[in-house]
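Secondary and tertiary structure notes
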Amino acid sequence: KSELSDAKINPETVTGHALRWVPAPPRSIPVAVYGIADETGAFKPSEGGQTLSRALTQAPTPLLIKALHDAGNRQWFNVIERENLTNLIKERQIIQEMRQRYLGETTVNKDALPALKFAGILIEGAITGYDTNMRTGGSGARYLGVGAFTQYREDSVSVYLRAVSVKTGEVLLSITSEQRVASVALQGDIFRFVAFQKLLEAEAGLTYNQPRHLAVRQALEKAVYGLIVEGAEIGLWQFEDAAAGEAAISHYRENYAPLSFASNDSGLPAEFYDSHRRLQER
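Below is a short write-up of the structure.

Definitions and limits used
- Residues numbered from 1 in each chain as written.
- Predicted model: local features only at pLDDT ≥ 70, side-chain atom pairs only at ≥ 80, totals over all residues.
- Heavy atoms only, no water.
- Core = buried A, V, L, I, M, F, W, Y, C linked by side-chain atoms within 4.5 Å.
- Buried < 20%, exposed > 50% of the residue type's maximum accessible area, 1.4 Å probe, protein only.
- Helix = DSSP H or I, 4+ residues; strand = E, 2+ residues; numbered from the N terminus.
- Expected span 1.5 Å × (residues − 1).
- Patch = residues over 30% accessible without salt bridge, like charges linked within 9 Å, V, L, I, M, F, W, Y side chains within 5 Å.
- Areas by Shrake-Rupley, 256 points an atom, 1.4 Å probe, with all protein chains shown as cover.
- Salt bridge = Lys/Arg side-chain N within 4 Å of Asp/Glu carboxyl O.
- Pairing = 2+ DSSP bridges.
- Phe/Tyr/Trp six-rings, centres within 6.5 Å; stacked < 30°, edge-to-face > 60°.
- Axes fitted to C-alpha atoms, helices over the stretch in contact; angles between N-to-C directions.
- Parallel < 35°, antiparallel > 145°, perpendicular 65-115°, else oblique.
- Left-handed = near helix turned anticlockwise from the far one by under 90°.
- Contact = heavy atoms within 4.5 Å.
- Nonpolar A, V, L, I, M, F, W, Y, C, P; charged D, E, K, R; others polar.

Before going further, it helps to spend a moment on the nonpolar core. Grouped together as the largest cluster of nonpolar side chains are 43 residues, with contacts concentrated most on Leu 64, Trp 76, Phe 77, Ile 123, Leu 161, Val 224 and Ile 228. Ranked by residue count, the leading element in this core is helix H4 (residues 212–233), at eleven residues. Core analysis: the next-biggest nonpolar cluster, separate from the first, contains five residues, Ala 32, Ile 80, Ala 119 and Val 164 among them.

Right under this line is the structure:
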């Protein structure tokens, strides 16, 4: 039985696994997601000419909602439906009309149809970049008509997220993440005479293309992870277990933070480094 034919439910990724094990908060945070758009404008590459198919998924919002649910094993965020709010309101109107018609209710029964929940924070963002051929290369060798070759290519997907206060409209936190998309091709061939006027020619190859849909999902999971940790750092929210939270922040800073001013390892001018270090220490 082929493994490729088996359907998988909630396939796990490395970024998703890390997001699931983020330390829990004291209480869940209600958030609303209205939609995440593909703003790259990139079309799917094709060797046969122009195609109208988009290079990236046009429905990234469900991936973001899944990432928000996975954060801390469903302990960080209460996600409130907003993308298809019209459908939700219509269904509630049908319930109200049916209860009025068959039960004779003249007012809304708050026990049967309670008010919708509201969110204190909006999670917004977009897929902001899709760059192809960020890195290409290959290698090969041939000896006495027997050869093997390999080629690889890397693309890049960039995602932007921000947390917005519903009360004030202030952008509380914003973050970007990048995920590489790898494509690898392996090929081997034989081209040689095995006897007088008898030529042997054979080829075999294998190509692996990482799904772009998976790259978008991983980029969103990284962005949600960054929102949680950086939000805890600036005091927007906190971890229930302070020690576990400090460990999570340290791990994030060591593996994901783009630049740290703990030491001047990046070769920055001394004046620039000293001024920014003093700002961080305030």
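Listed as buried for helix H2 (residues 61–70) are Thr 61, Leu 63, Leu 64, Ala 67, Leu 68 and Asp 70. The first or second residue beyond H2 is Gly 72, which carries a positive phi of 65 degrees.

Turning next to H4. Compared with the 32 Å implied by 1.5 Å per residue over 22 residues, the 31 Å span of H4 between its first and last C-alpha is a close match. For H4, the buried fraction is high: 17 of the 22 residues fall into the buried class. Downstream of H4 by a residue or two, Gly 235 has a phi angle that is positive, lying close to 90 degrees.

Here we take up a nonpolar patch on the surface. A surface patch of nonpolar side chains, amounting to about 490 Å² of accessible area, comprises Tyr 152, Val 184, Leu 186, Leu 206 and Tyr 208. Within the fold, Leu 206 resides in strand E7 (residues 198–209).

A few words now on the pairing of strand E5 (residues 146–165). As defined by bridge partners, strand E4 (residues 121–143) adjoins E5 across 19 bridges and the pair is classed as antiparallel. Paired with Gly 129 across the bridge in E5 is Ser 158. The hairpin formed by E4 and E5 contains two residues between the paired strands, and Leu 144 there has a positive phi angle of roughly 55 degrees. Inspection of the sheet shows E5 paired to strand E6 (residues 171–195) by 19 bridges, in the antiparallel sense. Bridge assignment links Glu 154 to a residue of E6, and that residue is Ala 182. Two successive antiparallel strands, E5 and E6, enclose a turn made up of five residues, where Gly 169 displays a positive phi of approximately 80 degrees.

The final tally for this structure, using the stated rule, is five aromatic pairs. When the ring of Trp 76 is compared with that of Phe 239, the centres are 5.7 Å apart and the planes differ by 85 degrees; the resulting orientation is edge-to-face. In this pair, Trp 76 sits in the loop between H2 and strand E3 (77–81) while Phe 239 sits in the loop between H4 and helix H5 (242–255), placing the two residues 163 residues apart along the sequence. Take Trp 76 and Phe 239: they sit in the same class, and that class is buried. Plain terms: the ring middles of Phe 77 and Trp 237 are 6.4 Å apart, the flat faces sit at 85 degrees to each other, and that makes the pair edge-to-face. Of the two residues, Phe 77 sits in strand E3 while Trp 237 sits in the loop between H4 and H5, which places them 160 residues apart along the sequence.

Its place among the elements puts Thr 106 in the loop between helix H3 (85–103) and E4. Separated by ten residues in sequence, Thr 106 and Gln 96 place their C-alpha atoms 9.6 Å apart.

Although it is not a glycine, Asn 73 adopts a positive phi angle of roughly 60 degrees. With respect to the helices, strands and loops of the structure, Asn 73 is situated in the loop between H2 and E3. Located in the positive-phi region is Arg 74, a residue other than glycine, with phi close to 70 degrees. Examined against the element boundaries, Arg 74 turns out to sit in the loop between H2 and E3.

What follows is about the packing of H2 against H4. What describes two packed helices is the angle between their axes and the distance between those same axes. Remark: H2 packs on H4, axes separated minimally by 9 Å, with the N-to-C direction vectors making an angle of 45 degrees. Classed by the angle they form, the pair H2 and H4 counts as oblique. The crossing of H2 and H4 is right-handed. Along its contact with H2, which presents Leu 63, Leu 64, Ala 67 and Leu 68, the element H4 presents His 213, Val 216, Arg 217, Leu 220, Glu 221 and Val 224.

You can see Leu 63 is positioned in helix H2. Linking Leu 63 and Gln 218, residues 155 residues apart in sequence, is a C-alpha distance of 9.1 Å. Other than its neighbours up to four places away in sequence, Leu 63 contacts Thr 57, His 213, Val 216, Arg 217 and Leu 220.

Close contact between H4 and H5 brings their axes to 10 Å; oriented N to C, the two are set at 120 degrees. As summarised for this structure, H4 and H5 are arranged oblique, according to the angle between their axes. In terms of crossing hand, the pair formed by H4 and H5 is left-handed. From H4, Tyr 225, Gly 226, Val 229, Glu 230 and Glu 233 reach across to H5, where they touch Ala 248, Ile 249, His 251, Tyr 252 and Arg 253. Split into classes, the residues belonging to the contact of H4 with H5 amount to five nonpolar, two polar and three charged.

Interpretation in functional terms is not warranted from these geometric data alone.
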